[in-house]
Amino acid sequence: MIVTTKKHVLLVTGLSGAGKTTALKTLEDIGWETIDNFPIRLVERLLKTPPSRSHGDADPPLAIGFDSRTRGFNHDNLIKGIKKLQETDNYHISMLYLDCAGSELERRYSETRRRHPLALDRPAKEGIAAERNTFDSIRRWADHVIDTTTLSTNDLQKRIRAEFSLQNTETTTVTITSFGFSRGLPNNIDLLFDVRFLSNPFWDPDLKMLTGLDEPVGEYIAKDSAYAEALDKFEDTLTFLLPKYIKAGKAYVNIGIGCTGGRHRSVHIAEVLSKRLHGAGFSPTVVHRNLTSRPMEAFEAIQDLNGRNKGI
């Protein structure tokens, strides 16, 4: 949720193919004024320009998209420009960086038959690597990072709406993300709960291909002797901490629920915790990062902590 007395300017960037166009269109849908591929060196001049007549008397927050194709792009000059803008008293400047795994970007370029802007006469893989190297220092400056590797267009739209919606009341956006440790930690997690100690449905042949959204999987997990107490303690921790974060003015709280593969235990626990938090007066958004990932027995065997380990 974006709440500020200063005019908010969001710089939207990231790897080509990671979702910048979708992000800007979604921001426009929820009330932002958006401009794509605008030279950063001209931003100061842009900020002095009156808003479009299409917005009436309103002066909406501004989102500016740029990437390696933007005219005059230079990452060193860009960082200097951002620093200069952040020193301006009348504006709140922040950056959204859209990241994505190289293999997924290759797949997207292959499916759309588009050429990567930095590899017009070379394999897309080389252009992706070159662009990632160029943007590495810029990514470290980002206030918000969204990894779109496992996100559909609809998923990304939901994330943008959840994090950048415009409201007149002060609030905190709470997101619960289920994931698999075998596929890496999500970005920007504030509170992390590891549920690999619970019984793993993966090793039941009847449940292996199901997910934590299926009732039989939830019933299986709930039979674990630690299940009820663990959920109560998770809920107690969150209902204690979330009001503290809200009082402190924290705009986003990202809660991670991790199991091994991210398809069974973490999904179920995330859903149950979301319902409990709704009952306590909060409105969390739930994201299942690895719900559609392919089951990986090798990873389950190595990382499963519940005593059913295979091959250890």
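Here's what I pulled together on the structure shown here. Fair warning: this is a prediction, and the values are worked out from it, not measured in the lab.

Strand order across the open sheet formed by 5 strands is S2-S3-S1-S4-S5, with parallel pairing between neighbours. In this open sheet, the two strands that pair with only one neighbour each are strand S2 (33-36) and strand S5 (144-147). Going across the sheet, the axis of each strand differs from the next one's by a mean of 20°, ignoring polarity. In the sheet, strand S1 (residues 7-14) pairs with strand S4 (residues 91-99) via 8 bridges, with the strands oriented parallel. The residue bridging Leu10 from the neighbouring strand is Ser94, located in S4. Running at roughly 145° to S4, helix H5 (residues 124-141) makes contact with S1, S4 and S5 of the sheet.

To continue, consider the pairing of S4. Extensive coverage of S4 is indicated by the burial of 8 of its 9 residues. Here S4 pairs with S5 via 4 bridges, running parallel. The partner of Tyr97 across the bridge, within S5, is Val145.

A general trend in soluble globular proteins is that nonpolar side chains are found buried together. In terms of nonpolar packing, the biggest core is built from 41 residues, with Val12, Leu27, Leu96 and Phe164 touching the most fellow members. Here the element with the most residues in this core is S4; it accounts for 6 residues. Discounting chain neighbours no more than four positions away, the residues touching Leu96 are Leu10, Leu11, Val12, Thr13, Ala23, His144, Ile146, Ile160 and Phe164. Core analysis: the next-biggest nonpolar cluster, separate from the first, contains 25 residues, Tyr227, Val253, Ala270 and Val272 among them.

What the second largest pocket holds in volume is close to 520 Å³. For the second largest pocket, the lining is made up of 26 residues, of which Gly17, Ala18, Gly19, Thr22 and Arg108 are closest to its centre. Those elements giving two or more residues to the lining of the second largest pocket turn out to be S1, helix H1 (20-29), helix H4 (102-112) and helix H6 (153-164). At 5 residues, the largest contribution of residues to the lining of the second largest pocket is made by H4. Among the residues forming the lining of the second largest pocket, the class breakdown is 6 nonpolar, 13 polar and 7 charged.

Within S1, 8 of the 8 residues are buried, leaving the element largely enclosed by the surrounding structure. Neither face of S1 is open: one carries Lys7, Val9, Leu11 and Thr13, the other His8, Leu10, Val12 and Gly14, and all of them are buried. Here S1 pairs with strand S3 (residues 62-65) via 4 bridges, running parallel. Looking at S3, one finds that Val9 is bridged to Leu62.

Each value, and the rule that gives it
- Residues numbered from 1 in each chain as written.
- Predicted model: local features only at pLDDT ≥ 70, side-chain atom pairs only at ≥ 80, totals over all residues.
- Heavy atoms only, no water.
- Pairing = 2+ DSSP bridges.
- Helix = DSSP H or I, 4+ residues; strand = E, 2+ residues; numbered from the N terminus.
- Axes fitted to C-alpha atoms, helices over the stretch in contact; angles between N-to-C directions.
- Contact = heavy atoms within 4.5 Å.
- Buried < 20%, exposed > 50% of the residue type's maximum accessible area, 1.4 Å probe, protein only.
- Core = buried A, V, L, I, M, F, W, Y, C linked by side-chain atoms within 4.5 Å.
- 1 Å grid on protein atoms, 1.4 Å probe; cavity = no way out; pocket = protein on both sides within 12 Å on 5 of 7 lines; lining within 4 Å.
- Points joined across faces, edges and corners; volume = space filled by probe spheres on them.
- Nonpolar A, V, L, I, M, F, W, Y, C, P; charged D, E, K, R; others polar.

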